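If you want the building blocks of each chain, they are given just below.
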Amino acid sequence: MDKDFAVRVTVRGYETDAQGHLNQAVYLQYAEHARWELLQAAGVRQADLLAKGVGPVVLETTVKYLRELRAGDEVDVSCRFVWAEGKTFRVAQTITRADGVRAAEVTCVGGFLDLAQRRLVADAREPMTALASDPGLLGL
C-alpha cells in the first residue's frame, strides 16, 4: 500500500476538557476507530474474528501529543499495521489536522487472543490472512 489508510473525524465539543483541548482519552478512541475502519475496509468484520475464535488485544499503547486539538477541528487518523514474525504486531497511527499539522502519534503493540485457550495465537498474521478479502490494505 503506497499511502496509509486514514479516516476523517471532526472533534466534537463534548470531547474536550476544561481548557477546550481534546481530552487525552479521546485520542485513543480516534485511533481505535481508525483501526476498526481499516479492518472493515480490508474485509474483516468483528463477527468474523469471533467466529474464528480470536479477538484482537492491545498489549501496549504510546501516545505522543504534538499539537492541541479543539472543537470543530477536522483530523485525519491514519493507520498502518507493521507485521513481524511471532505473536505480536505493531500499529502506527498519526492524527493530523486538516491543515497538515501533526497533532499526535499513536503506536500500539497488539496480538490476537485465542478465545478458547486464552493465549495469543502463535502467528499474529494468520487470522488476518485467513479473513481479509483485501490483505494488501493490512500490509500482508
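This text gives an overview of the structure that appears in the document. (Residues numbered from 1 in each chain as written. Predicted model: local features only at pLDDT ≥ 70, side-chain atom pairs only at ≥ 80, totals over all residues. Heavy atoms only, no water.)

Turning to the environment of Lys87, a few remarks are in order. Counting through the fold element by element, Lys87 comes out in the loop between strand S3 (74-83) and strand S4 (88-97). Spatially, the C-alpha atom of Lys87 lies 38 Å from that of Arg70, the residues being 17 residues apart in sequence. Residues in contact with Lys87, not counting those within four places in the same chain, are Gly110, Gly111, Phe112, Leu120, Val121, Ala122 and Ala124. (Helix = DSSP H or I, 4+ residues; strand = E, 2+ residues; numbered from the N terminus. Contact = heavy atoms within 4.5 Å.)

Let's shift gears to the pairing of S4. In this structure, S3 lies alongside S4, joined through 7 bridges in antiparallel fashion. Residue pairing across strands places Arg80 opposite Ala92, the latter belonging to S4. Two successive antiparallel strands, S3 and S4, enclose a turn made up of 4 residues, where Gly86 displays a positive phi of approximately 110°. Across 9 bridges, S4 lies against strand S5 (residues 102-114) in antiparallel orientation. Counted as the bridge partner of Arg90 is Val109 from S5. Counted between consecutive antiparallel strands, the loop separating S4 from S5 contains 4 residues, among which Gly100 sits at a positive phi close to 95°. (Pairing = 2+ DSSP bridges.)

A word on the pattern of salt bridges. Inspection of the entire model under this criterion finds 12 salt bridges. In this structure, the salt-bridge partner of Arg80 is Asp4, at a minimum N-O distance of 3.3 Å. Taken together, the residues span a long stretch of sequence, with Arg80 in strand S3 and Asp4 in the segment before strand S1 (5-10) at a distance of 76 residues. Taking relative accessible area as the criterion, Arg80 reaches 38% and is therefore assigned partly exposed. Given the relative accessible area of 29%, Asp4 is considered partly exposed. (Salt bridge = Lys/Arg side-chain N within 4 Å of Asp/Glu carboxyl O. Buried < 20%, exposed > 50% of the residue type's maximum accessible area, 1.4 Å probe, protein only.)

What follows concerns the packing of aromatic side chains. A full pass over the atoms with the stated rule returns 5 aromatic pairs. Between Phe81 and Trp83, the aromatic rings sit 5.4 Å apart at their centres with planes inclined by 10°, giving stacked as the arrangement. In this pair, the class of Phe81 matches that of Trp83, namely buried. Between Phe89 and Phe112, the aromatic rings sit 5.4 Å apart at their centres with planes inclined by 35°, giving tilted as the arrangement. Here Phe112 lies in strand S5 and Phe89 lies in strand S4, a separation of 23 residues in the sequence. (Phe/Tyr/Trp six-rings, centres within 6.5 Å; stacked < 30°, edge-to-face > 60°.)

Among soluble globular proteins, nonpolar side chains are generally buried collectively. Residues Tyr30, Phe81, Ile95, Phe112 and Leu138 are the most contacted members of the largest nonpolar core, which totals 36 residues. Among the elements that make up this core, the one with the highest residue count is helix H1 (residues 24-41) (7 residues). (Core = buried A, V, L, I, M, F, W, Y, C linked by side-chain atoms within 4.5 Å.)

Here the focus is the environment of Thr16. Mapped onto the elements of the fold, Thr16 is located in the loop between S1 and H1. Setting aside its immediate chain neighbours within four residues, Thr16 contacts Val11, His21, Leu22, Asn23 and Ala71. A polar contact of 2.6 Å, which involves the side chain of Thr16, links it to the backbone oxygen of Gly13. (Polar contact = N/O pair within 3.5 Å; in protein donor to acceptor, adjacent residues only side chain to side chain.)

By the element assignment, Glu15 lies in the loop between S1 and H1. Setting aside residues no more than four positions away along its own chain, Glu15 makes contact with Thr10, His21, Leu22, Asn23, Val26 and Tyr30.

So, to be careful, I would describe these as geometric facts and stop short of saying anything about function.
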